[in-house]
Amino acid sequence: MKIWRVLATVILTLFLTISFVLPAEAFCGFYVAKADTNLYNQASQVIIAKDGARTILTMANDYKGEVKNFALVVPVPVVLDEEQVRIGETKIIQRLDAFSAPRLVEYFDENPCQIRDRGFVLESAPAPAAGAPRARREDESLGVTVE
């Protein structure tokens, strides 16, 4: 009886722990400037690449405003050295953005009922018989209604 009590306690604790977990929220950093400065960012583009324990984060921000002195603060899990931070080429982000953009594609299928041999139509496939009782019985046995 004691094992059931321990098992129930473990399951209840696990359930309560999982049910109150909040979703993770992240952001790409923030700008810091003088108090009377207007600084806006319309969008940020982020690329994350991992290679084993190494993570490369590429960011592109399109800030707007006339600011001479400002800072972009990006939270990272470790302290970075100066040589680990570089200014990259915008072509990389533009190419990846174009590559991953949604595309509208339209396909046209020919008549699937026509039988073709070397590009010539031989005949059309026969239509199924209207009163095929065997096929109907098989469909009904599977719970399928064919209309």
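The rules behind these values
Residues numbered from 1 in each chain as written. Predicted model: local features only at pLDDT ≥ 70, side-chain atom pairs only at ≥ 80, totals over all residues. Heavy atoms only, no water. Helix = DSSP H or I, 4+ residues; strand = E, 2+ residues; numbered from the N terminus. Buried < 20%, exposed > 50% of the residue type's maximum accessible area, 1.4 Å probe, protein only. Contact = heavy atoms within 4.5 Å. Areas by Shrake-Rupley, 256 points an atom, 1.4 Å probe, with all protein chains shown as cover. Pairing = 2+ DSSP bridges. 1 Å grid on protein atoms, 1.4 Å probe; cavity = no way out; pocket = protein on both sides within 12 Å on 5 of 7 lines; lining within 4 Å. Points joined across faces, edges and corners; volume = space filled by probe spheres on them. Nonpolar A, V, L, I, M, F, W, Y, C, P; charged D, E, K, R; others polar. pLDDT = per-residue confidence, 0-100. Patch = residues over 30% accessible without salt bridge, like charges linked within 9 Å, V, L, I, M, F, W, Y side chains within 5 Å. Salt bridge = Lys/Arg side-chain N within 4 Å of Asp/Glu carboxyl O.

Attention shifts here to the overall build of the protein chain. Secondary structure summary: the protein chain contains 3 helices and 6 strands in total. The order of α-helices and β-strands along the protein chain, N terminus first, is α-β-β-β-β-α-β-β-α. A total of 147 residues make up the protein chain; the buried ones form 3% of that total. For the protein chain, contacts bridging at least 24 residues in sequence account for 47% of all contacts bridging at least 6. In the structure as shown, the protein chain presents an accessible area of about 14,600 Å², 59% of it carried by carbon and sulfur atoms.

With that settled, the discussion passes to the pairing of strand β3 (residues 54–64). Sheet analysis places strand β2 (residues 40–51) next to β3, joined by 10 bridges and oriented antiparallel. Bridging from a neighbouring strand, K50 pairs with T55 of β3. Following β2, the chain reverses through 2 residues before pairing antiparallel with β3; G52 in that reversal takes a positive phi of roughly 65 degrees.

With that settled, consider the layout of surface pockets. The space that makes up the largest pocket amounts to roughly 1,500 Å³. As for the largest pocket, its lining consists of 32 residues, and the residues nearest its centre are L57, T58, M59, V85 and R86. Those elements that place two or more of their residues in the lining of the largest pocket are β2, β3 and α2 (90–99). Top contributing element to the lining of the largest pocket by residue count: β3, with 9 residues. Of the residues that constitute the lining of the largest pocket, the class distribution is 22 nonpolar, 6 polar and 4 charged.

Scored by pLDDT, the protein chain comes out at a mean of 76, with 70% of its residues at no less than 70. When mean pLDDT is taken per element in the protein chain, α2 scores highest with 88 and strand β6 (residues 120–124) scores lowest with 56.

The next thing to look at is a nonpolar patch on the surface. Together, I3, W4, L7 and I11 make up a nonpolar patch on the protein surface, roughly 480 Å² of accessible area in all. Residue position: I11 is located in helix α1 (residues 2–19).

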